[in-house]
Every structure is written in structure tokens, then in C-alpha cells.
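Geometric and topological summary
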Amino acid sequence: MYLTHLECPRCGREHAADDLQNLCECGSPLLARYDLPAVARAVSPERFGLRPADLWRYRELLPVADPRHETSLGEGWTPLLRAPAYGAEIGIDDLMVKDEGLTPTGSFKARGAAVGVSRARELGVRHVAMPTNGNAGSAWATYAARAGMRATIVMPLAAPGICRRECVAAGADLRLIDGLISDAGRRVAELVGASGGAVFDAGTLREPYRLEGKKTMGYEIVEQLGWQVPDVIIYPTGGGVGLIGIHKALHELRELGWITDKLPRLVAVQSTGCAPIVRAFAAGEDRAQPWPDAQTVAFGITVPAPLGDELILAALRASAGTAVAVDDADLLADLRDFAAREGLLLCPEGAACLTAARHLRAGGWIRAGERVVVLNTGAGLKYPESVDVSDVPVLS
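Residues numbered from 1 in each chain as written. Predicted model: local features only at pLDDT ≥ 70, side-chain atom pairs only at ≥ 80, totals over all residues. Heavy atoms only, no water.

A word on the overall build of the chain. Secondary structure summary: the chain contains 14 helices and 13 strands in total. Each principal axis of the C-alpha atoms in the chain carries an extent, and together these give about 55 × 50 × 45 Å. A burial count over the chain gives 58% of its 396 residues as buried. Intrachain contacts of the chain at a sequence separation of at least 6 include 71% that bridge at least 24 residues. For the chain, the accessible surface area stands at approximately 15400 Å², while carbon and sulfur atoms represent 50% of it. (Helix = DSSP H or I, 4+ residues; strand = E, 2+ residues; numbered from the N terminus. Buried < 20%, exposed > 50% of the residue type's maximum accessible area, 1.4 Å probe, protein only. Contact = heavy atoms within 4.5 Å. Areas by Shrake-Rupley, 256 points an atom, 1.4 Å probe, with all protein chains shown as cover.)

Here is the structure:
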């Protein structure tokens, strides 16, 4: 294993990677660091193509030392699909969609769960707990079951019903709350505090290894493009782990010398009903203030106070990127339009990225001829209510 330590991006303090860790003492999430020169000596990009088509092909850049602890259902290596018809309609001829809906639990959350559960298992964890907007809970419940671990999941009542059913099917201790993910987070903190160390808090960015699973989306995009980078990557942003992870992956690849191009501009997409990152970015602030009365049909990005706000905003500014908020009505219309033109039903969060791409191209921020990658973070089939069928005729 090439993992050397954990680092706090806020205060710079280093933490031992072999110790079970949550946040730094200063309150910041921790980032896993690797001996990248040693990785470069041990493996070359050409080697990955000879390995299985899952995220564990990048094992030198992942934190699990003993393969016996790897908990996998074949996650990763999702398709990067061209979208020529819709792209032509909005003026982006080289538009591509990274379809995370084909992961084992139907969303990109399976990546973080696979690596997070594997590392937790390796470090001796036997019971994890987390708040969730839905998909992360179903993924962690599933992978915890696969690893022989217990899972307690606290989920808002308004979360997609299929996620609730997935947790129950996986044997998790599911608890529902009439509130938002921030309310669920407080309940998890109470549970963890009362457990005397028996329950590990696996909430978003409260442990450092979910991020390591999510970053593999960045590796895959680059490898699937022949070890080249796109001009723009557009990402639906709630907790922001995927965006932070992709940013981290791109910098690791550049430090390894495997890419030399200018790095992509990153775009964080939120809803006008919950846009703390967009507001902070526009104001030039380093921290986001909690968003009151958060609500949107894109439930996965309903995060009024993301813990990783500093890291999200830093990634956007370091990449010369931006943050965009879109209306629910627009994203639902684009979801239908894209499906009709390309034959792929996106999740509402993925559709929000299409709306952002359309607006950014119309405004000139995305330029003609640029290659744009949109992340569809989940299977559209998990959100049946996103398509209105009330006007479909019934034949007699």
C-alpha cells in the first residue's frame, strides 16, 4: 500500500493513516496522501487496461492494504457516453455523460461505500452509522452487509422510497426523521456519542476514505479519454464529495506525470431551492452559510450546510470553474428532452447538470468546440416521479 498519512487541508496537521480517524481537531475533513513517486515507479498507465473493469484497477492509489478486506460488487468503470443529439441542440458538439446509474446500487455512492467500508473493515470497524439523503444510505447498507458489518442509517422521510427499501433489504437499522439531512446528522452524532466508540460515524467527509472511492470517477474519465482531460466537468453538488474527489484525482494524475494538459474547469451545480455553494462562490467567500428551507426535486443535492464547503469552493476556484443554480422546472424539462433525444433516463441531479451546461453555453462560459463531461450520478429508474405520466391516454 502506498498510503502514507492523512492530511488536514485547513491547518496542515498530519494524522496516522493506520489509526481510525474522523475529522481533524480543527474541524476539517482529512485527505488521504500517497507516496506518488513510488506509485509512478510501480505502475504505468498502460497497466490499468490489463486489469478488471472496476475501480480496484487503481489499487495503488487506494487506501486498502490487504486485498482480503476489499468489499466489492463490481463497482466502477461506468460508461462515458457521447450525447450528439442533445449536444447539438444546446451548442455543445462534444458533450459526454458519465453514467453512474450502472453501479451496483444504482448510484455513484457505491464507489464511496466500497472503499469506505473496505478500509473501515481493515481498521476494525464493526458498526457504521450515517445520515443520508437516500442513495448513500442504501449503498453503505449494502456494502456493510457484504462485509459482515452492522449499519445504522438515518434518512429524511422525503427521501426516495426505493432507498428506504434498499436499506431494509440489506438488513440495516433504518431510522426515519421528519426533517433534512442536517437533522439526520444530529441524530447520528447523538448515537455515535452514546455508543462509547462502538459505532463509527461514516457520514459525508467525516471519515477520509469515501472520498477515495469517489475520486476514481476522475481516473476513469481520463483513462476513457485516452489519458487526456476534457475542458469542463459538470457535477451535481450536495455534500460535494465527488467534485472534491475528482479534483483530487486530477492533481494526483498530474503529479504522477500521467497527464500534462491544463486541468478541466469544474462546475458545481445546485438547485435554486438549495444553493449554499453557489451563493458563497458568487460572494467570493471561503465558507458557505446554511441555506434556509432547503427543498428541490433533485433530492440528492438537498444539503443546506455541506461539511466540505471549503474544499468545494477551493476546487472551483483553483480550476477556474464556477457554480450554477438551476430551477426544478428546467431540470425536469431537460430530463425529458435528453431522454427523448438520447434514450437515457437521467436522475434529477444529472439532469440539473444538463440544464447548467445549456445555460453556460448560452452565456458563453462554455466555448464552442470544448469537450464537456456531465456526471449522471444515479439511475433515473430510482426516481419514477420525475416523469409525469398523468396525460398518457388509456385505451378502451
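The structure having been displayed, the exposition proceeds.
With that settled, the discussion passes to the packing of aromatic side chains. The final tally for this structure, using the stated rule, is 7 aromatic pairs. On the basis of an interplanar angle of 55° and a centroid distance of 5.1 Å, the ring pair of Phe 48 and Tyr 58 is categorised as tilted. Residue Phe 48 is found in helix α2 (residues 45–48), and its partner Tyr 58 is found in the loop between α2 and β4 (80–82); the two are separated by 10 residues along the sequence. Across this residue pair, the class does not change: Phe 48 and Tyr 58 are buried. Look at Tyr 86 and Phe 338: their rings are 5.4 Å apart centre to centre, the planes differ by 70°, and that puts the pair in the edge-to-face class. (Phe/Tyr/Trp six-rings, centres within 6.5 Å; stacked < 30°, edge-to-face > 60°.)

This brings us to helix α10 (residues 241–256). The first and last C-alpha atoms of α10 sit 22 Å apart over 16 residues, in line with the 22 Å expected at 1.5 Å per residue. Taking burial as the measure, the 16 residues of α10 include 13 buried ones, the bulk of the element. Immediately downstream of α10, the backbone of Gly 257 shows phi near 85°, a positive value. (Expected span 1.5 Å × (residues − 1).)

Trp 258 and Leu 316 are the most contacted members of the largest nonpolar core, which has 60 residues in total. For this core, the element with the most residues is α10, which contributes 8 residues. Among residues more than four places away in sequence, those in contact with Leu 316 are Leu 243, Leu 266, Val 267, Ala 268, Ile 277, Phe 281, Gly 321, Thr 322 and Ala 323. By size, the runner-up hydrophobic cluster in this structure holds 32 residues, among which are Ala 113, Val 115, Leu 174 and Phe 200. (Core = buried A, V, L, I, M, F, W, Y, C linked by side-chain atoms within 4.5 Å.)

The next thing to look at is helix α5 (residues 135–147). Given a rise of 1.5 Å per residue, 13 residues ought to cover 18 Å, and the 18 Å separating the end C-alpha atoms of α5 matches this to within 8%. Counting buried positions along α5 yields 10 of 13 residues, so the element is predominantly enclosed. Every buried residue of α5 is listed here: Asn 135, Ala 136, Gly 137, Ser 138, Ala 139, Trp 140, Ala 141, Tyr 143, Ala 144 and Ala 147. Of the residues one or two after α5, Gly 148 is the one with positive phi, at around 75°.

Right, let's talk about unusual backbone geometry for a bit. Located in the positive-phi region is Trp 77, a residue other than glycine, with phi close to 55°. Here Trp 77 is to be found in the loop between α2 and β4. Under the relative-accessibility criterion, Trp 77 is labelled partly exposed at 27%.

Let's shift gears to the pairing of strand β8 (residues 173–177). Direction of pairing for strand β7 (residues 150–156) relative to β8: parallel, over a ladder of 5 bridges. From the neighbouring strand, Ile 153 faces β8, where its bridge partner is Leu 174. For the handedness criterion, the β-α-β arrangement of β7, helix α6 (residues 161–169) and β8 is classed as right-handed. (Pairing = 2+ DSSP bridges. Right-handed = clockwise from strand over helix to strand, strands pointing away.)

In a disulfide, the sulfur atoms of two cysteines are covalently bonded to one another. Tallied over the full model, the rule gives 0 disulfides. Cys 347 provides the cysteine sulfur closest to Cys 353, a residue in no disulfide bond, and the two sulfurs are 8.1 Å apart. Residue classification places Cys 353 among the buried residues on the basis of a relative accessible area of 0%. (Disulfide = S-S within 2.5 Å.)

We now examine the side chain of Arg 210. For Arg 210, the position within the fold is in helix α8 (residues 210–214). For the buried Arg 210, which has no salt bridge, the nearest side chain bearing the opposite charge is Glu 207, at an N-O separation of 4.4 Å. Separated by 2.8 Å, the side chain of Arg 210 and the backbone oxygen of Ala 202 make a polar contact. For Arg 210, the contacting residues outside a window of four places in its chain are Gly 112, Gly 116, Met 130, Ala 136, Trp 140, Ala 202, Gly 203, Thr 204 and Val 241. (Lys, Arg positive; Asp, Glu negative; His and termini not counted. Salt bridge = Lys/Arg side-chain N within 4 Å of Asp/Glu carboxyl O. Polar contact = N/O pair within 3.5 Å; in protein donor to acceptor, adjacent residues only side chain to side chain.)

Turning next to the side chain of His 247. Mapping His 247 onto the fold places it in helix α10. Using a relative accessible area of 16% as the deciding quantity, one classes His 247 as buried. Beyond its immediate chain neighbours, meaning those up to four positions away, His 247 contacts Leu 266, Ala 315 and Ala 318.

Take the pattern of salt bridges next. Where side chains of opposite charge bring their charged atoms close, a pairing between them can arise. Applying the stated rule across the entire model yields 28 salt bridges. A salt bridge links Asp 94 to Arg 371; the nearest nitrogen and oxygen atoms lie 2.8 Å apart. Within this pair, whereas Asp 94 is found in strand β5 (residues 94–99), its partner Arg 371 is found in strand β13 (residues 371–376), the two being separated by 277 residues in sequence. Here Asp 94 and Arg 371 have matching classes, each one buried. Among the salt bridges present, the one from Asp 173 reaches Arg 175, with a minimum N-O distance of 2.9 Å. Note on Arg 175: relative accessible area 39%, which makes it partly exposed. One salt-bridge network, in which partners are shared between bridges, spans Arg 10, Arg 287, Asp 309 and Glu 310.

Shape descriptors only; they carry no functional weight alone.
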